[in-house]
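Topology and contacts: notes
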Amino acid sequence: MNLEIITPDKKVYTGEVNSVSFPGSEGRFQVLKDHAPIVSTLAKGDLVIETNGKKQTFVVDGGVVEVVKNNILVLAEAVA
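Bear in mind that the values here come from a model prediction, so they are computed numbers and not experimental data. (Residues numbered from 1 in each chain as written. Predicted model: local features only at pLDDT ≥ 70, side-chain atom pairs only at ≥ 80, totals over all residues. Heavy atoms only, no water.)

Examining the environment of V17
- With respect to the secondary-structure elements, V17 resides in the loop between β2 (11-16) and β3 (19-24).
- Classification of V17 by relative accessible area gives buried; the value is 6%.
- Taking the C-alpha atoms as reference points, V17 and D34, 17 residues apart in sequence, are found 12 Å from one another.
- Other than its neighbours up to four places away in sequence, V17 contacts M1, L3, I49, E50 and T51. (Helix = DSSP H or I, 4+ residues; strand = E, 2+ residues; numbered from the N terminus. Buried < 20%, exposed > 50% of the residue type's maximum accessible area, 1.4 Å probe, protein only. Contact = heavy atoms within 4.5 Å.)

Observations regarding the sheet that holds strand β7 (residues 71-76)
- Strand order in the open sheet made by the seven strands is β2-β1-β7-β6-β5-β3-β4, with mixed pairing throughout. In this open sheet, the two strands that pair with only one neighbour each are β2 and β4 (27-32). Neighbour-to-neighbour, the strand axes of this sheet turn through a mean angle of 30°, independent of strand direction.
- Examined bridge by bridge, β3 and strand β5 (residues 38-51) share four bridges and lie antiparallel to one another. For G24, the partnering residue across the bridge sits in β5 and is L42. (Pairing = 2+ DSSP bridges. Axes fitted to C-alpha atoms, helices over the stretch in contact; angles between N-to-C directions.)

Topic: the environment of D61
- Along the chain, D61 falls in strand β6 (residues 54-68).
- Judged by its relative accessible area of 35%, D61 falls in the partly exposed class.
- If sequence neighbours within four positions are ignored, D61 has contacts with K44, E77 and A78.

Description of the nonpolar core
- If you look at the biggest cluster of nonpolar residues, it comprises 19 residues, and the most contacted ones within it are L3, F22, L47, I72 and V74.
- At the level of elements, β1 (2-6), β3, β4, β5, β6 and β7 are the ones that each hand at least two residues to this core.
- Of the residues forming this core, the biggest block, four residues, is contributed by β6. (Core = buried A, V, L, I, M, F, W, Y, C linked by side-chain atoms within 4.5 Å.)

What to know about a nonpolar patch on the surface
- A cluster of nonpolar side chains, contributed by V39, V64 and L75, occupies part of the molecular surface with about 250 Å² of accessible area.
- Tracing the sequence through the fold places V64 in strand β6. (Patch = residues over 30% accessible without salt bridge, like charges linked within 9 Å, V, L, I, M, F, W, Y side chains within 5 Å. Areas by Shrake-Rupley, 256 points an atom, 1.4 Å probe, with all protein chains shown as cover. Salt bridge = Lys/Arg side-chain N within 4 Å of Asp/Glu carboxyl O.)

Regarding the side chain of S40
- With respect to the helices and strands, the residue S40 is situated in strand β5.
- Under the relative-accessibility criterion, S40 is labelled buried at 15%.
- Setting aside chain neighbours within four positions, we find S40 in contact with F29, G63, V64 and V65.

In C-alpha cells form, the structure reads like this:
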C-alpha cells in the first residue's frame, strides 16, 4: 500500500507500508492491504506505520484519512 501524510505546510511521509493504525475520532482502526474504501476523521493521537516488521509512530493532531485502492492519503492538521 502507498501512504502519504501531508500537513498544511509540508509532506511528512511518502512510501510503501504493510499496515497503518489510526486514531479515528470514533476509536482506533487499522488499514491493511485491499481495505474497503473509507474516509474518516482523525483525533489527536498516534498514527503507527508498519513496514517490513518495523514500526514508526507519528503523533497527529487531527485531520482526515482517505483509503482507496491501496492508496492512503492522510491530511493532518499537524504532525509531531
